[in-house]
Amino acid sequence: MMKADGFDDAIIGIASRFGQEDIIAYDYNKCCRILVRGDKMSLAEAEEFMDYNVLGAYVGEGTPTFISLRKPKEVLEDVEN
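The rules behind each value
- Residues numbered from 1 in each chain as written.
- Predicted model: local features only at pLDDT ≥ 70, side-chain atom pairs only at ≥ 80, totals over all residues.
- Heavy atoms only, no water.
- Axes fitted to C-alpha atoms, helices over the stretch in contact; angles between N-to-C directions.
- Helix = DSSP H or I, 4+ residues; strand = E, 2+ residues; numbered from the N terminus.
- Parallel < 35°, antiparallel > 145°, perpendicular 65-115°, else oblique.
- Left-handed = near helix turned anticlockwise from the far one by under 90°.
- Contact = heavy atoms within 4.5 Å.
- Pairing = 2+ DSSP bridges.
- Disulfide = S-S within 2.5 Å.
- Patch = residues over 30% accessible without salt bridge, like charges linked within 9 Å, V, L, I, M, F, W, Y side chains within 5 Å.
- Areas by Shrake-Rupley, 256 points an atom, 1.4 Å probe, with all protein chains shown as cover.
- Salt bridge = Lys/Arg side-chain N within 4 Å of Asp/Glu carboxyl O.
- Buried < 20%, exposed > 50% of the residue type's maximum accessible area, 1.4 Å probe, protein only.

J.: Could you give an account of the packing of helix α1 (residues 28–38) against helix α2 (residues 43–54), naming the residues involved and the relevant values?
T.: Interaxial distance between α1 and α2 falls to 9 Å at its minimum, and their mutual angle equals 120°. It follows from the interaxial angle that α1 and α2 lie oblique. Pair α1 / α2 crosses with right-handed handedness. Note on element contacts: α2 touches α1 through L43, A46, E47, F49, M50 and D51, opposite Y28, C31, C32, L35 and V36.

Spelled out as structure tokens, the structure:
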């Protein structure tokens, strides 16, 4: 399984797909929070980075998946607290 560098704290489990190998599943919003806190990005910058550089980086069948469990507004509220 492939990992997304720097996002270990956002791993939420393993995704199973019929006829394919399992892949790591990440919480998309936790990934954004990691970027906001660690890289000092705004929420909009973190989402743009995730969408272009992470979600847009297909690297084969083992590419991880990213799942949105919460609304972006909740992520910002967590960062502020």
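Read on for the rest.
J.: Kindly report on the sheet that holds strand β3 (residues 65–67), identifying the contributing residues and their values.
T.: In space, the three strands of this open sheet follow the order β1-β2-β3, with mixed pairing throughout. The open sheet has two edge strands, β1 (11–15) and β3, and neither has a second partner. Going from strand to strand, the sheet's axes swing by 30° on average, the running direction of each strand aside. With four bridges connecting them, β1 and strand β2 (residues 23–27) associate as antiparallel partners. Counterpart to G13 in the pairing with β2 is A25. Where α1 meets the sheet, it contacts β2 and β3, and its direction lies at approximately 65° from that of β2.

J.: An account of the state of the cysteines is needed here, citing residue identities and associated values.
T.: Tallied over the full model, the rule gives zero disulfides. Not engaged in a disulfide, the cysteine C31 finds its nearest cysteine sulfur in C32; these two sulfurs lie 7.0 Å apart.

J.: Which residues make up a nonpolar patch on the surface, and what values do they have?
T.: Judged by side-chain polarity, I12, I67 and L69 come together as a nonpolar surface patch covering roughly 250 Å² of accessible area. The residue I67 is located in strand β3 in this model.

J.: Mind laying out unusual backbone geometry, listing which residues take part and the relevant values?
T.: Phi is positive for K40, which is not a glycine, with a value near 60°. For K40, a relative accessible area of 68% puts it in the exposed group.

J.: So what about the environment of L43? Which residues, and what values?
T.: Counting through the fold element by element, L43 comes out in helix α2. Overall, the relative accessible area of 15% leaves L43 in the buried class. Taking the C-alpha atoms as reference points, L43 and C32, 11 residues apart in sequence, are found 6.9 Å from one another.

None of the figures reported here should be taken as evidence of function without further support.
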